[in-house]
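# Breakdown of the fold
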Amino acid sequence: MSEVTNTNDLKPSPRNNAWEEARLLARNIGLLVDNSRQITQDPRLSGCRLDTAYIGLPHLKAKAIALGRLLDLWNQGKWTETCPACGEKVYILGAGGGALSGRNGWWGVCGHCQGVLSGSREKFYQLYSEFAGGPAGPSHPGQIDLSDLLTELRAA
Ligand SMILES: [Zn+2]
């Protein structure tokens, strides 16, 4: 696998688990998107818990976003950006005060150059509006973790 130097790359944060998960997502985002129909139709898979997928507002508890909800948004052309490094699609994972961004803004991964990216806070309220007044995901998340889900998809 070639290492792409990406000036938008974030520095590893103290929350290394979040960083590792973002890297894992960046490498496998194409697999997830290709199997989005299978994932979103299966509550066990769509409830996959992601440490990096949540939306936060100052002074409020962060809302976790289940994988199935993210896939729905991505398939609707929402919660995406254009990668400044390669011009391909960035899949946004979360917004707010982030383990990956360390400030208000959004963070996500590029499926092409596999960069982990963050962006400005200007987009935050547009992203947040998808969740205002509605649930962010199933009430019983965490049925399967990401590495198990990827193993299942590869075996299918
Ligand atoms: Zn890219």
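Use the structure listed above.
Residues numbered from 1 in each chain as written. Predicted model: local features only at pLDDT ≥ 70, side-chain atom pairs only at ≥ 80, totals over all residues.

Of the regular secondary structure elements, the protein chain holds six helices and six strands. Ordered by position from N to C terminus, the α and β elements of the protein chain give α-α-α-β-β-α-β-β-β-β-α-α. By the burial criterion, 35% of the 156 residues in the protein chain qualify as buried. Across the protein chain, contacts joining residues at least 24 apart in sequence account for 61% of those joining residues at least 6 apart. (Helix = DSSP H or I, 4+ residues; strand = E, 2+ residues; numbered from the N terminus. Buried ≥ 20, exposed ≤ 12 C-beta atoms within 10 Å, placed from the backbone. Contact = placed C-beta atoms within 7 Å.)

Time to look at the nonpolar core. Nonpolar side chains in soluble globular proteins generally cluster together in the buried interior. Leu70, Ile92, Leu93 and Val109 are the most contacted members of the largest nonpolar core, which totals 34 residues. Counting residues per element, the ones that place at least two in this core are α1 (16-34), α4 (67-75), β4 (89-97), β5 (104-110) and β6 (116-119). Every residue in contact with Val109, bar those within four places of it in the chain, is listed here: Ala22, Leu25, Ala26, Ile29, Val90, Tyr91, Leu93 and Val116. (Core = buried A, V, L, I, M, F, W, Y, C linked by C-beta atoms within 7 Å.)

What follows is about the environment of Gln126. Examined against the element boundaries, Gln126 turns out to sit in helix α5 (residues 124-128). Separated by 48 residues in the primary sequence, Gln126 and Lys78 have C-alpha atoms spaced 9.6 Å apart.

This part takes up unusual backbone geometry. Phi is positive for Trp79, close to 55 degrees, though the residue is something other than glycine. Tracing the sequence through the fold places Trp79 in the loop between α4 and β3 (80-82).

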